[in-house]
Amino acid sequence: MQIVIVDSSRVVLQIIASLIEPRGHAVHAFTDSVEALAFLKATPSVRVLITSLEVRPLCGLELCWSARLLAEERGPLHVITMSSARNVRSLAEALDSGADDFIEKPPSAEELNARLRAAERLTTMQEELIRLAETDPLTGALNRRAFFNRARIAAGQNCRPGGVSAILADIDHFKRINDQYGHDVGDRAITAVADLIARDGIGGRLGGEEFALILPECNLLGAAARAERLRADVQDLRIRAGAATVTLSCSFGVSSWTDGDSVEALIKRADVALYAAKSGGRNRVVSSSRDAMPIVA
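As the structure is a computational prediction, the values presented were derived from the model and not from experiment. (Residues numbered from 1 in each chain as written. Predicted model: local features only at pLDDT ≥ 70, side-chain atom pairs only at ≥ 80, totals over all residues. Heavy atoms only, no water.)

Trainee: A description of the sheet that holds strand β4 (residues 78-83) should follow, citing residues and the corresponding values.
Mentor: Each strand in a sheet pairs with another by means of backbone hydrogen bonds, the pair being arranged parallel or else antiparallel. Across the sheet, five strands lie side by side as β2-β1-β3-β4-β5; this open sheet has parallel pairing. Since the sheet does not close on itself, it has two edges, and those belong to β2 (26-30) and β5 (101-104), each with one partner. The mean angle between the axes of side-by-side strands here comes to 20°, regardless of whether they run parallel or antiparallel. The pairing of β4 with β5 spans four bridges and is classified as parallel. Note that in β5 the partner of Ile-80 across the bridge is Asp-101. Against the sheet, helix α2 (residues 33-42) makes contact with β1 (2-6), β2 and β3 (46-52), and its axis sits at roughly 165° relative to β1, the strand it touches most. Contacting β1, β3, β4 and β5, helix α5 (residues 109-134) crosses the sheet at an angle of about 140° to β3. (Pairing = 2+ DSSP bridges. Helix = DSSP H or I, 4+ residues; strand = E, 2+ residues; numbered from the N terminus. Axes fitted to C-alpha atoms, helices over the stretch in contact; angles between N-to-C directions. Contact = heavy atoms within 4.5 Å.)

Trainee: Mind laying out the packing of aromatic side chains, listing which residues take part and the relevant values?
Mentor: Scanning the model with the defined rule gives two aromatic pairs in all. The interplanar angle of 85° and the centroid separation of 5.6 Å between the aromatic rings of Phe-147 and Phe-148 together place this pair among those described as edge-to-face. (Phe/Tyr/Trp six-rings, centres within 6.5 Å; stacked < 30°, edge-to-face > 60°.)

Trainee: An account of the nonpolar core is needed here, citing residue identities and associated values.
Mentor: If you look at the biggest cluster of nonpolar residues, it comprises 30 residues, and the most contacted ones within it are Ile-167, Ile-171, Val-193, Leu-248 and Phe-252. Considering every element that reaches this core, the biggest residue donor is helix α8 (residues 183-197), with eight residues. Ignoring anything within four residues of it in the chain, the contact list for Leu-248 reads Ile-177, Ala-189, Val-193, Val-234, Gln-235, Leu-237 and Ile-239. Residues Val-6, Leu-49, Ala-94 and Ala-99 belong to the second largest nonpolar core, which totals 21 residues. (Core = buried A, V, L, I, M, F, W, Y, C linked by side-chain atoms within 4.5 Å. Buried < 20%, exposed > 50% of the residue type's maximum accessible area, 1.4 Å probe, protein only.)

Trainee: Got a sec to walk through helix α3 (residues 60-74)? Specific residues and values, please.
Mentor: Helical geometry note: an α-helix holds 3.6 residues per turn, so side chains three or four residues apart project in the same direction. In a regular helix each residue adds 1.5 Å, so 15 residues correspond to 21 Å; α3 covers 20 Å between its end C-alpha atoms and thus fits that length. Those residues of α3 that sit buried are Gly-60, Leu-63, Cys-64, Ala-67, Leu-70, Ala-71 and Arg-74. Each buried residue of α3 sits inside an arc of 135° when the element is viewed along its axis, so together they form one side. Turned more than 90 degrees off the buried face of α3, the exposed positions are Glu-72 and Glu-73. Contacts made by the buried residues of α3 are with β1, α2, β3 and β4. Backbone geometry just downstream of α3 places Gly-75 in the positive-phi region, at approximately 110°. (Expected span 1.5 Å × (residues − 1). Arc of directions from axis to C-beta.)

Trainee: Help me get a handle on the pairing of strand β11 (residues 250-256), residues and values and all.
Mentor: Within a regular strand, side chains alternate between the sheet's two faces. In terms of burial, β11 is largely enclosed, as seven of its seven residues are buried. Burial along β11 is two-sided: Cys-250, Phe-252, Val-254 and Ser-256 facing one way and Ser-251, Gly-253 and Ser-255 facing the other are all buried. Bridge analysis of strand β6 (residues 164-171) against β11 gives seven bridges, and the strand direction is antiparallel. What sits directly across from Leu-168, in β11, is Gly-253. In this fold, β11 hands off to helix α10 (residues 263-279), which returns the chain to strand β12 (residues 284-287); that crossover is left-handed. (Right-handed = clockwise from strand over helix to strand, strands pointing away.)

Rendered as structure tokens:
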């Protein structure tokens, strides 16, 4: 595991690192709690934070609280606080501030590594639960709820005109595929399209045969071009159905961020454009911009 240790003493940091590095863990040591928090934010692969309560400029309790808030976006993080003054009040404050565990300083090698094994079990289980909660079981793509959560984060980081764009896609005549070849073939078609959608950006399955893609740092023109490449890639798909081979096409709607926008409004405009693509003959890309013309196959 990757582990961050924070303490005001370099000697303590060296001692703790010497206890856990032989077990194969990667240790990142900090005397500055703000630098440690920045590292946690930039390195989502870190799974454990071990911090003294007596650190600066953020105190240990503040670091615990900030790290716990950060973990809501970055994924599982097990927080262990340590203090040379073990008492009920310190333990309660640490747990109330978001810590998962409390250990005396300096810890023994046996106790510390036992707690790290427990942390690894818990974070692994949390990762699996998150995966199950966020993943569409058929395709492995983000489900609707997870897609919108990721889209809001991306929009918050790129909320300027043209800073983020959305693509909605829908498999053309999907009911015909199911009726003619069976639901197994329909499922393979859905999975194949989902794999294409997920190659770039933030892709998800909104339900049925409808998919969505968020493209950070991409304007309307770039998103339309990306949708056109996807349209061509879908046409190249070949789905086996016994002795037959099934070909597909998709219709696409594209929108881009505007002033005062929201993710819901962004997706709604793409949905309106998708409806226009369906109504206009399918197998095409339509932009939500008034003066944009559909790109016809």
